[in-house]
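Given next are the chains, with one letter for each unit.
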Amino acid sequence: MLNLDFHPTGRHFLQIPGPSPVPDRILRAMSLPTIDHRGPEFGALGLELLEKIKRIFKTEHPVIIYPASGTGAWEAALANTLSPGDQVLMFETGHFATLWHKMALRLQLEPEFIGLPDYEGWRQGVQADMIEARLKEDSNHAIKAVCVVHNETSTGVTSDIASVRRAIDAANHPALLIVDTISGLASADYRHDEWGVDVTVSGSQKGLMLPPGISFNALSSKAIEVSKGATLPRSFWAWDEILEANKNGYWPYTPSTNLLYGLNEALDMLLEEGMEQVFERHARWGAGVRAAVQAWGLEIQCQDPALYSPVLTGVVMPEGIDADAVRKIIYERFDLSLGMGLGKAKGKMFRIGHLGDCNDLTLIATLGGCEAGMKLAGVELKASGVTAALDYFAEHPHRFSRDQSGQ
């Protein structure tokens, strides 16, 4: 029998940028007995969490919840709003933007992939001016949607979505704005309504602190109206049937009942703490980890300090050092999992997740494992990153207050 809990003592350090560790409180909620998904208790649960999830996206519009990974929500966003052969403008910021582009091709759309050149383009965010310029060229409005990634999980860059909305408006273009915030939601500030997003895609296994298996489409009124004329094939993903069933707290098919228990508990945890405090906590963790990287004398993958992610930090290895070999040493010697470099960044960097259910000491231990592992791998470090992070956290204490109103 396969042993999936093979760590001899203590807990495994899961410090990848998602899936993130699941709090005990959520695990307990998920362990409750499964109920009838057509019964009255489930309808009450559905209505409650469908309202609460809107507050996480900062929207007054419907949020669709799928029993699927974030990839499913990518497909749902495209399939509900577009037709075969539609042109889509997509911006390359990293591996996940690239995978979304690949999906658009497979769905028989015509995606145009723009971005900064080569690997260096994966160290920057979305360039709103490039989107504006391309949309101004599209005088016939052939481009039906602009797709961008908010927090690029492969690089640790958080793009300015409000600037993309301004670019679309400045071009006086009717294209939909579709945004992936799979790793950003509930860790980085996100404002679906205020930023004029038409469809927001997200998932459960990052800032929401759940296992993988739930994903989301947050909608706008414009997106719902456009979906009525879209002709890409869809059945499981179709918004209309889900929106109708959701009016009474149900789904048109069997939902992931126990994951929804966990989602409801996660929403309570986040709203009890207050979203602004959640964002402050993640920003502080990110700053502490970056202080360590800078003390080591290593490069951060994101080259624009204004776009540093509060969710993860990419650590670039010196020339000649294989980042995957370093990760292997850290995993085998210290029971610590780090994110690998993906796509153009493979072997160049590793990723430290600092999101969800962790704290200062979790991150200090994580940085200790990284520091020891890099030394074993022959990486020359200028100073102790652990000490730098300790100093940062000591000088910038987190204020543990709880807003019981959930505002």
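This one's a predicted model, so the numbers in the text were calculated from it and none came from an experiment.

Visitor: Before we move on, could you go through the packing of aromatic side chains and cite the residues and values that matter?
Guide: Considering all chains together, one arrives at 10 aromatic pairs under this definition. Ring geometry for Tyr-190 against Trp-195: centres 5.3 Å apart, planes inclined by 80 degrees, an arrangement best described as edge-to-face. Take Tyr-190 and Trp-195: they sit in the same class, and that class is buried. Measuring from centroid to centroid gives 4.6 Å for Phe-236 and Tyr-253, while their planes differ by 15 degrees, and the two rings are stacked. Linking Phe-236 in the loop between helix H7 (221-227) and helix H8 (239-246) with Tyr-253 in the loop between H8 and helix H9 (257-273), this pair joins segments that are 17 residues apart in sequence. In this structure Tyr-253 comes out as buried when scored by relative accessible area, which is 17%. The ring of Tyr-119 is capped by Lys-348, whose NZ or CZ atom sits 5.0 Å from the centre of that ring.

Visitor: Can you tell me about the sheet that holds strand S10 (residues 215-219), naming the residues and giving the values?
Guide: Strand order in the open sheet made by the 7 strands is S2-S10-S9-S8-S5-S3-S4, with mixed pairing throughout. Edge positions in the sheet fall to strand S2 (63-66) and strand S4 (110-114), since each has one partner strand and no second. If you compare each strand with its neighbour and ignore which way they point, the axes differ by 20 degrees on average. Pairing geometry for strand S3 (residues 87-91) and strand S5 (residues 143-149), over 4 bridges, is parallel. In the sheet register, Leu-89 faces S5, and the bridge partner there is Val-146.

Visitor: Could you give an account of the sheet that holds strand S14 (residues 339-340), naming the residues involved and the relevant values?
Guide: Overall, antiparallel pairing links the 4 strands, which are arranged S11-S12-S15-S14 in an open sheet. Two strands lie at the open edges of the sheet, namely strand S11 (299-300) and S14, each paired on one side alone. Pairing between strand S12 (residues 312-316) and strand S15 (residues 349-353): 5 bridges, direction antiparallel. Along S15, the bridge assignment pairs Gly-314 with Arg-351. Sheet strands touched by helix H10 (residues 275-296): S11, S12 and S15. Its angle to S12, the strand with the most contacts, is close to 10 degrees.

Visitor: Can you break down the pattern of salt bridges residue by residue, with the values?
Guide: Summed over all chains, the structure comprises 25 salt bridges. Residues Arg-25 and Glu-265 are paired through a salt bridge, measuring 2.5 Å at the closest nitrogen-oxygen approach. Here Arg-25, found in helix H1 (residues 24-30), pairs with Glu-265, found in helix H9; they are 240 residues apart in sequence, far enough to count as distant. Two residues, Glu-194 and Arg-191, come together in a salt bridge whose shortest N-O distance is 3.2 Å. Through salt bridges with shared partners, a single ionic network connects Lys-58, Asp-189, Arg-191, Glu-194 and Glu-276.

Visitor: Please provide a residue-by-residue account of the side chain of Asn-217, values included.
Guide: Structurally, Asn-217 can be placed in strand S10. Classification of Asn-217 as buried rests on a relative accessible area of 0%. Polar contacts involving the side chain of Asn-217 include one to the main-chain carbonyl oxygen of Ala-73, which spans 3.1 Å.

Visitor: Explain the confidence of the model for the chain to me, and be specific about the residues and the numbers.
Guide: Per-residue pLDDT for the chain has a mean of 96; in total, 98% of the residues score no lower than 70. The model gives residues 403-407 a pLDDT under 50, and that stretch makes 13 contacts with residues more than four places away or in other chains.

Visitor: So what's going on with unusual backbone geometry? Which residues, and what values?
Guide: Most peptide bonds are trans, and most residues other than glycine sit at a negative phi. Here the amide bond leading from Gly-18 into Pro-19 is cis, since omega sits at 0 degrees, within 30 degrees of zero. With respect to the helices and strands, Pro-19 occurs in the loop between strand S1 (13-14) and H1. For Asp-118, which is not glycine, the phi torsion reads 60 degrees and is therefore positive. Mapped onto the secondary structure, Asp-118 falls in the loop between S4 and helix H5 (128-137). Positive phi, normally seen in glycine, also occurs at His-141, with a value near 55 degrees. Inspection of the secondary structure puts His-141 in the loop between H5 and S5.

Visitor: If you had to explain helix H2 (residues 40-57) to someone new, which residues and values would you point to?
Guide: Between its terminal C-alpha atoms H2 stretches 27 Å, which fits the 26 Å expected from 18 residues at 1.5 Å a residue. Listing the buried residues of H2 in full gives Phe-42, Gly-43, Leu-45, Gly-46, Leu-49, Leu-50, Lys-52, Ile-53, Lys-54, Ile-56 and Phe-57. On the buried face of H2, the contacting elements are S2, strand S9 (199-203), S10, H8, H9 and H10.

Visitor: Tell me about the environment of Leu-260, residues and numbers included.
Guide: For Leu-260, the position within the fold is in helix H9. For Leu-260, the contacting residues outside a window of four places in its chain are Phe-42, Leu-45, Leu-49, Ile-65, Ile-214, Trp-251 and Pro-255.

Visitor: Tell me about the pairing of S2, residues and numbers included.
Guide: Note on strand geometry: in a regular strand, side chains alternate between the two faces of the sheet. Of the two faces of S2, both are covered, the one formed by Val-63 and Ile-65 as well as the one formed by Ile-64 and Tyr-66. Bridge count for S2 against S10 is 4 bridges, and the pairing is antiparallel. What sits directly across from Ile-64, in S10, is Asn-217.

Visitor: Describe the state of the cysteines, and please don't skip the residues or the numbers.
Guide: Joining two cysteines, a disulfide is a covalent bond between their sulfur atoms. Evaluation of the coordinates by the stated rule reveals 0 disulfides. We note that Cys-302 lacks a disulfide partner, and the nearest cysteine sulfur, in Cys-370, lies 18 Å from it. According to the relative accessible area criterion, Cys-370 is buried, its value standing at 0%.

Criteria and cut-off values
Residues numbered from 1 in each chain as written. Predicted model: local features only at pLDDT ≥ 70, side-chain atom pairs only at ≥ 80, totals over all residues. Heavy atoms only, no water. Phe/Tyr/Trp six-rings, centres within 6.5 Å; stacked < 30°, edge-to-face > 60°. Buried < 20%, exposed > 50% of the residue type's maximum accessible area, 1.4 Å probe, protein only. Helix = DSSP H or I, 4+ residues; strand = E, 2+ residues; numbered from the N terminus. Lys NZ or Arg CZ within 6 Å of the ring centre and 35° of its normal. Pairing = 2+ DSSP bridges. Axes fitted to C-alpha atoms, helices over the stretch in contact; angles between N-to-C directions. Contact = heavy atoms within 4.5 Å. Salt bridge = Lys/Arg side-chain N within 4 Å of Asp/Glu carboxyl O. Polar contact = N/O pair within 3.5 Å; in protein donor to acceptor, adjacent residues only side chain to side chain. pLDDT = per-residue confidence, 0-100. Expected span 1.5 Å × (residues − 1). Disulfide = S-S within 2.5 Å.

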